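Results of the structural survey
Residues per chain are reported as follows:
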Protein chains: 2
Amino acid sequence: MILTPSMQNFILHWGEMGSRWGVNRSVAQIHALLHIAPDPMTADEICETLNLARSNVSTGLKELQSWKLVKASRQLGDRRDHFTSIRDMFDLVTAVVEGRREREFLPTIEALRAVHDEAEADGTPEKVKARIKETLDVMQMFDTWYAEISRLSRPMHLTLLKLGGRVARILPKSK
Amino acid sequence: MILTPSMQNFILHWGEMGSRWGVNRSVAQIHALLHIAPDPMTADEICETLNLARSNVSTGLKELQSWKLVKASRQLGDRRDHFTSIRDMFDLVTAVVEGRREREFLPTIEALRAVHDEAEADGTPEKVKARIKETLDVMQMFDTWYAEISRLSRPMHLTLLKLGGRVARILPKSK
DNA sequence: CTGTTGTTTCTGTAATTACAGAAACAACAG
DNA sequence: CTGTTGTTTCTGTAATTACAGAAACAACAG
């Protein structure tokens, strides 16, 4: 596959961004390539296009699949796996947010809960215990909010997105 | 300052979480300490409590101030700076989200815009150009949504948070 | 002036991370 | 059986990152 300069830049920038977002550069580059590739690609094509070792592409694809950002598919008369990224940008955002929640947010809440319980018995000052509890409570509040919102339907999400700040005009009436 | 085991764990976990969130461990630990500290602390006290070099504490405090997570204050009759973290959890979340938006989201949008313009002239296939444009558009849509929502008042934020998924019950009527 | 406080910059080091490339395997088609 | 495809695991290396500690400096109180 031949990359035009702007396609190369897209992949490079996505790779940079990936490393800020906690995904390593190679993995983010593979995702970027699949994201803009018109057709599914095999692992070998990805190796050639990005100049990565096969082992790393294989591992990277696994990781992307675990994030549910990439799917493997088969083509008739070909034994090789063909990989595509999620085509719908909404699904992509959902997958990324969901992944981060599971890997970063929930473990933190869990750890905070453990610390909170531990603090009951080890002579931690009341003020400090209150701070820890408040931190835990607020994080849980945000998590609950997210869980509820994410359960809404796609059209509802779109409505809310388009509505933006105007949601405030509608709400007060109902209070 | 004496740390109980649970306070130590809080700081350690916060430090771990920090490294996942793109802040380095020391910086996250300093923040964790200030977050649960009942009273403002001087740089020296932080050094002692966390066993960090003074230079690193100094740099870390600078970084936390640039994130607006920590403020320096003065006390009568003392020439040293005393540091406190944001006390209000809502302000903290806002500061973190705002910081990440500026450092991770906006640069990406900027880069995408540049790639998008570049793609006009370098023979990038139409399909690929469309993908790039779609990616840019969706990211901008989310950013606009966030910008509008963040402009709402604090009580409105609280209302929305408590409302959670029930916001859906209110909206359809108005369509 | 001296002492205190804090910042910045540099050096060196330990730990971590991100890879390439090799090798061993597994699954399966023909 | 052989050839193809893909995965997993290992070794080695280069690059990066996160520090400690030193040193030089600045600002300022008294």
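Residues numbered from 1 in each chain as written. Chains lettered and ligands numbered in written order. Predicted model: local features only at pLDDT ≥ 70, side-chain atom pairs only at ≥ 80, totals over all residues. Heavy atoms only, no water.

If you check an unreviewed UniProt entry, chain A appears there as HTH-type transcriptional regulator from Actibacterium mucosum KCTC 23349. Looking at the Sequence similarities (unreviewed entry) heading of the UniProt record, one finds this comment for chain A: "Belongs to the GbsR family." (UniProt positions renumbered as here; feature names shortened; annotations may be inferred.)

1. Structural notes on the overall build of chain A
Counting its regular elements, chain A contains eight helices and two strands. In chain A, the succession of α and β elements from N to C terminus is α-α-α-α-β-β-α-α-α-α. For chain A, the C-alpha radius of gyration of 22 Å lies well beyond 16 Å, the compact-globule estimate for 175 residues. By principal-axis analysis of the C-alpha atoms, chain A measures approximately 65 × 50 × 30 Å. Within chain A, counting contacts between residues at least 6 apart in sequence, those at least 24 apart form 52% of the total. (Helix = DSSP H or I, 4+ residues; strand = E, 2+ residues; numbered from the N terminus. Rg over C-alpha atoms; globule rule 2.2 N^0.38 Å. Contact = heavy atoms within 4.5 Å.)

2. Let's talk about the protein's contact with DNA strand D
Taken together, 16 residues sit near DNA strand D, with Asp81 of chain A together with Asn24, Ser26, Ala53 and Asn56 of chain B positioned nearest. When atoms of DNA strand D within 4 Å of the protein are sorted by moiety, sugar and phosphate together comprise 74%. In this structure, a phosphate oxygen belonging to DNA strand D sits 3.5 Å away from a side-chain N or O atom of Arg25 of chain B. Of all the secondary structure elements, the ones that give two or more residues to the surface near DNA strand D are helix H4 (54–66) and strand E2 (78–85) of chain A together with helix H2 (25–36) and helix H4 (54–66) of chain B. (Near = heavy atom within 4 Å. Polar contact = N/O pair within 3.5 Å; in protein donor to acceptor, adjacent residues only side chain to side chain.)

3. Some details on the interface of chain A and chain B
Taken together, the contact pairs 64 residues of chain A with 64 residues of chain B. Across the interface of chain A and chain B, roughly 5,600 Å² is buried in total on both sides, 71% from carbon and sulfur atoms. At the boundary of chain A with chain B, the tally comes to 16 residue pairs in polar contact (both at pLDDT 80 or more). Secondary-structure elements contributing two or more residues to the side of chain A that touches chain B are helix H1 (5–20), helix H2 (25–36), helix H5 (89–119), helix H6 (126–150), helix H7 (154–163) and helix H8 (167–170) of chain A. Looking at which element gives the most residues to the side of chain A that touches chain B, the answer is H5 of chain A, with 14 residues. (Buried area = accessible area lost by both parts, 1.4 Å probe.)

4. Regarding the protein's contact with DNA strand C
Around DNA strand C, the surrounding shell holds 16 residues, and the nearest of these are Asn24, Ser26, Ala53 and Asn56 of chain A together with Asp81 of chain B. Asn51 of chain A places a polar main-chain atom, nitrogen or oxygen, 3.1 Å from a phosphate oxygen of DNA strand C. One of the side-chain nitrogen or oxygen atoms of Ser55 of chain A is found 3.3 Å away from a base nitrogen of DNA strand C. Put simply, the parts of the chain that give the surface near DNA strand C at least two residues each are H2 and H4 of chain A together with H4 and strand E2 (78–85) of chain B. A total of four residues in the surface near DNA strand C trace back to one element, the largest contributor, which is H4 of chain B. Residues that form the surface near DNA strand C fall into these classes: two nonpolar, seven polar and seven charged. (Nonpolar A, V, L, I, M, F, W, Y, C, P; charged D, E, K, R; others polar.)

5. So, the relation of the copies chain A and chain B
The two copies are related by a screw operation: chain A maps onto chain B through 180° of rotation and 0.0 Å of translation along the axis, at an RMSD of 0.0 Å. In short, the pair behaves as if placed about a two-fold rotation axis. Residue by residue, 100% of the interface of chain A is reproduced at the interface of chain B, so both copies engage with the same surface. (Least-squares fit on C-alpha atoms with pLDDT ≥ 70 in both.)

6. Focus: the layout of surface pockets
A volume near 160 Å³ is recorded for the second largest pocket. Residue lining of the second largest pocket: Phe10, His13, Trp14, Glu16, Met17 and Arg20 of chain A together with Arg103, Glu104, Pro107, Thr108, Ala111 and Leu112 of chain B, and that is the complete set. The residue inventory of the lining of the second largest pocket, partitioned by class, reads six nonpolar, two polar and four charged. (1 Å grid on protein atoms, 1.4 Å probe; cavity = no way out; pocket = protein on both sides within 12 Å on 5 of 7 lines; lining within 4 Å. Points joined across faces, edges and corners; volume = space filled by probe spheres on them.)

7. As for the environment of Trp145 of chain A
Here Trp145 of chain A shows up in helix H6. A relative accessible area of 27% means that Trp145 of chain A is categorised as partly exposed. Those residues in contact with Trp145 of chain A that sit more than four places away from it in its chain are Leu160, Leu161 and Gly164 of chain B. (Buried < 20%, exposed > 50% of the residue type's maximum accessible area, 1.4 Å probe, protein only.)

8. What to know about H4 of chain B
All names here are of chain B. The terminal C-alpha atoms of H4 lie 18 Å apart, and with 13 residues this matches the ideal 18 Å at 1.5 Å per residue to within 8%. For H4, the set of buried residues is Val57, Gly60, Leu61 and Leu64. Around the axis of H4, the buried residues are gathered within 100° of arc, so they sit on the same side. For H4, the exposed residues lying more than 90 degrees away from the buried face are Thr59 and Lys62. On the buried face of H4, the contacting elements are H2, helix H3 (43–50), strand E1 (70–75) and E2. A positive backbone phi angle near 65° is found at Lys68, which sits one or two residues after H4. (Expected span 1.5 Å × (residues − 1). Arc of directions from axis to C-beta.)

9. What to know about unusual backbone geometry
All names here are of chain A. In this structure, Asn51 takes a positive phi of about 55° despite not being glycine. Tracing the backbone through its elements, the reader meets Asn51 in the loop between helix H3 (43–50) and H4. The exposed category is assigned to Asn51, whose relative accessible area is 69%. We note that Lys68 has phi near 60°; this positive angle belongs to a residue other than glycine. Mapped onto the fold, Lys68 is located in the loop between H4 and strand E1 (70–75).

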